[in-house]
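Inside the fold
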Amino acid sequence: MTTQIDSLVLSKSLALVEKTKRRVVQIDTAAFPTHSSDIARNLLLAAIESLGNKVFWEAMNPEALYHALIQIQSLVERVEASTSDHISWPLVSYCDHFWKLLFPNGDREIFYSVFAEHNYGISSFTHRLRLLLESVLPPVEIDRILGKQHLYCLQIASLEDENLPLYANIGHEFGHALYWSKENDLFLIFKAEFQNTISLISSGFTKTNPSISKRLTIRMVWALKSIATELFCDLVGSMIAGPAFLLSLYEMGWGTDHNSWSTKLSPKDSNIRAYPSFAFRLGCVKAHLNLAKFAEELRVKFESLPDTLGDEFHSRLVKLPGKIPEELQAKLTSLRNRRKALNKVGEHVTDIPDDHIADHVSVRPAGDGDAKAIEQALENNLLELKQSLENFVRRCSKEILFVLRDQKAFDDVSGSQVFELIRRLDADILPNIIPDDTDPLLGIPATFATILNASALFRMHVLMVRDGNFNTEEINRQIQKVEQLTAKAFEVSYIQHDFNAWKHHKPT
């Protein structure tokens, strides 16, 4: 029997249906950087049309409908924020390229958006929409709307939407989608590598908390699985972006405790989230990157350059009558110091601190009755856990990712090529071309990973050589210049690669 309140809530809901539909229709599809944003928009429109269909009203709970519509607004916001006004088109195009390499069957798609958090996040758009519709529409209608589509949404920090080197973290988020697609295989590796450690911790629970030991063990295993997932995703991120991912991960940890292993418990065990310390994560990534070779190639290339800039400047100074002005002397010193610092740019990745001997564990919320016991267990067995995690990561690399590593797009980043692009950045030239003996004028279009690494390293160099004369305006100008050159290089290089592919395959 329909009550007066039900009638009021239904009327309010139906008005919100119309308002939401108009909001979605007004989104400019021409501004979408990829077609997948249009897929998300069409799914929302189809869902809203069904919610406004009289056929389904009688079986609907008006309050459930109202709640679902309120929650759908957040999905609408993701689509609204996925236009080129917020997202770099060339970067998204490159990311789509890697996404298709990870999922060559085309059964999973992704669109890109921004959010206020200073972080990156990926989620299943279709799964979220399905959950919201389950409370108001029949299963047959939901299946008609969504079918078997797997559409993901990757959200990036709006605060850093121009910090392109930090986008290396996107590879980590792709790792989550890859983990979900291979979860059964990965869980077998996890189970094999953690079996002894879990048994050890479980025995400790049985001795100290026999009545709740099973519950504690289950919740602890969910935490370990979450940690293992993060390390797998780091592995994918480093495979896509190379040393730039290490720099990006390092920067994401600025302002935090690098030695803290954090766990956030939840009433629903599958929602437990846990993260290893940044120091341990950085160490795991370093172990799977050939950083020594990369840094050595950079060093050799830079040290082979003559100090022509400093020598030329000095030769002009000595020809001046009288004593060389202090201001000019300081300029010469600054130029030579800058060159010395550039020679050591590879050390920005090799010298990233990854000492995790002082690691400690934090489990929250403190009000959860199991938090203290789980925290103590993780703390007491941290060495064993680290060993299990390192074995897990090693096996994932060999058994899960080996097929992808054979593809050219995932080759190790060349220090020699990154050197060429850093030289261009240092001269305020677009870092999009690698010089080639066969074509010294045009050269070879740089790859995404090469541009990303050159930009990340040079940006770190700019931050490091800041002197006392740099104010907030100047340091921001220097960083903006690097990022603008990088953004343009992504665009030009992508177009060059696209043109070369077209020229190679066009009919003769």
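Quick summary incoming for the structure in this document. The structure presented is a predicted model; accordingly, all values stated were derived computationally and were not measured.

On to the sheet that holds strand S3 (residues 151–157). Sheet architecture is open: 3 strands sit in the order S1-S3-S2, paired in mixed fashion. One side of each edge strand has no neighbouring strand; the edge strands of this open sheet are strand S1 (109–115) and strand S2 (121–124). The average angle at which neighbouring strand axes cross in this sheet is 25°, direction not considered. Relative to S3, S1 is paired through 7 bridges, and the arrangement is parallel. Bridging from a neighbouring strand, phenylalanine 115 pairs with alanine 157 of S3.

Right, let's talk about the sheet that holds strand S5 (residues 273–275) for a bit. Spatially, S5-S4-S6 is the arrangement adopted by the 3 strands of the open sheet, whose pairing is mixed. The open sheet has two edge strands, S5 and strand S6 (360–364), and neither has a second partner. For this sheet, the mean angle separating the axes of adjacent strands, direction not counted, is 10°. For strand S4 (residues 260–264) and S6, the ladder comprises 5 bridges, and the chain directions are parallel. Each bridged residue has a counterpart across the sheet, and for lysine 264 the counterpart in S6 is arginine 364. Contacts from helix H9 (residues 213–241) reach S4 and S5 within the one sheet, and its direction differs from that of S5 by about 55°.

This brings us to empty space enclosed by the protein. On inspection of all chains with the given rule, the structure shows 3 cavities of 30 Å³ or more. The space that makes up the largest cavity amounts to roughly 70 Å³. Lining the largest cavity are Cys95, Phe98, Tyr167, Ala168, Ile170, Gly171, Phe174, Gly237, Ile240, Ala241, Phe448 and Leu452. Within the residue set of the lining of the largest cavity, elements represented by two or more residues are helix H4 (89–102), helix H7 (170–181), H9 and helix H20 (448–464). Partitioning the lining of the largest cavity into residue classes produces 10 nonpolar, 2 polar and no charged.

At their nearest, the axes of H9 and helix H16 (residues 371–380) sit 10 Å apart, and the two run at 60° to each other. Relative to H16, the element H9 is oriented oblique. As H9 runs across H16, the sense of the crossing is right-handed. From H9, Leu216, Arg219, Met220 and Leu224 reach across to H16, where they touch Ala373, Ile374 and Leu378. Partitioning the contact of H9 with H16 into residue classes produces 6 nonpolar, no polar and 1 charged.

This part takes up the pairing of S4. Across 3 bridges, S4 lies against S5 in antiparallel orientation. Of the residues in S5, the one forming a bridge with threonine 263 is alanine 274.

Right, let's talk about the packing of H9 against helix H17 (residues 382–399) for a bit. One can describe the packing of H9 onto H17 by two numbers: an axis separation of 10 Å at closest approach and a directional angle of 45°. Classified by the angle between their axes, H9 and H17 sit oblique to one another. Like other packed secondary-structure pairs, H9 and H17 cross with a definite hand, here right-handed. Between H9 and H17, the residues in contact are Leu224, Ile227, Ala228, Leu231, Phe232 and Leu235 and Leu385, Leu389, Phe392, Val393, Cys396 and Ser397, respectively.

Turning our eyes to something else, we now look at the nonpolar core. If you look at the biggest cluster of nonpolar residues, it comprises 111 residues, and the most contacted ones within it are Phe174, Phe232 and Ile422. Broken down by element, this core gets its largest block of residues, 14 residues, from H9. Not counting the four nearest positions on each side in its chain, isoleucine 422 is found in contact with Leu298, Phe302, Leu342, Val345, Ala454, Leu457 and Phe458. Residues Leu16, Ile72, Leu132 and Leu133 belong to the second largest nonpolar core, which totals 36 residues.

For the structure on display, the rule yields 18 aromatic pairs. For the ring pair tyrosine 152 and tryptophan 180, a centre distance of 5.8 Å and an interplane angle of 20° mean the geometry is stacked. Of this pair, tyrosine 152 sits in strand S3 while tryptophan 180 is found in helix H7, placing the two residues 28 residues apart along the sequence. Judged by its relative accessible area of 5%, tyrosine 152 is buried.

One pass over the full model with this rule turns up 25 salt bridges. Across the pair arginine 459 and glutamate 251 runs a salt bridge, and its minimum N-O distance is 2.9 Å. With a gap of 208 residues between them, arginine 459 in helix H20 and glutamate 251 in helix H10 (residues 243–252) connect regions that are remote in the sequence. Between arginine 299 and glutamate 296 there is a salt bridge whose closest N-O contact spans 2.5 Å. Of the two residues, arginine 299 and glutamate 296 both sit in helix H12 (residues 291–303), 3 residues apart, roughly one turn of that helix. Classification of arginine 299 by relative accessible area gives partly exposed; the value is 32%. Overall, the relative accessible area of 36% leaves glutamate 296 in the partly exposed class.

On to the side chain of serine 37, then. Looking at the element boundaries, serine 37 is found in helix H2 (residues 35–51). Serine 37 sits in the buried class, given a relative accessible area of 1%. Ignoring anything within four residues of it in the chain, the contact list for serine 37 reads Phe32, Val79, Ser82 and Phe111.

With that settled, consider the side chain of aspartate 370. Of note, aspartate 370 is situated in the loop between S6 and H16. Given the relative accessible area of 3%, aspartate 370 is considered buried. Here the side chain of aspartate 370 touches arginine 215 through a polar contact of 2.7 Å, side chain to side chain. Here arginine 219 takes part through its side chain, which lies 2.8 Å from a polar atom of the side chain of aspartate 370. Other than its neighbours up to four places away in sequence, aspartate 370 contacts Ile212, Arg215, Leu216, Arg219 and Leu265.

Quick notes on the rules
Residues numbered from 1 in each chain as written. Predicted model: local features only at pLDDT ≥ 70, side-chain atom pairs only at ≥ 80, totals over all residues. Heavy atoms only, no water. Pairing = 2+ DSSP bridges. Helix = DSSP H or I, 4+ residues; strand = E, 2+ residues; numbered from the N terminus. Axes fitted to C-alpha atoms, helices over the stretch in contact; angles between N-to-C directions. Contact = heavy atoms within 4.5 Å. 1 Å grid on protein atoms, 1.4 Å probe; cavity = no way out; pocket = protein on both sides within 12 Å on 5 of 7 lines; lining within 4 Å. Points joined across faces, edges and corners; volume = space filled by probe spheres on them. Nonpolar A, V, L, I, M, F, W, Y, C, P; charged D, E, K, R; others polar. Parallel < 35°, antiparallel > 145°, perpendicular 65-115°, else oblique. Left-handed = near helix turned anticlockwise from the far one by under 90°. Core = buried A, V, L, I, M, F, W, Y, C linked by side-chain atoms within 4.5 Å. Buried < 20%, exposed > 50% of the residue type's maximum accessible area, 1.4 Å probe, protein only. Phe/Tyr/Trp six-rings, centres within 6.5 Å; stacked < 30°, edge-to-face > 60°. Salt bridge = Lys/Arg side-chain N within 4 Å of Asp/Glu carboxyl O. Polar contact = N/O pair within 3.5 Å; in protein donor to acceptor, adjacent residues only side chain to side chain.

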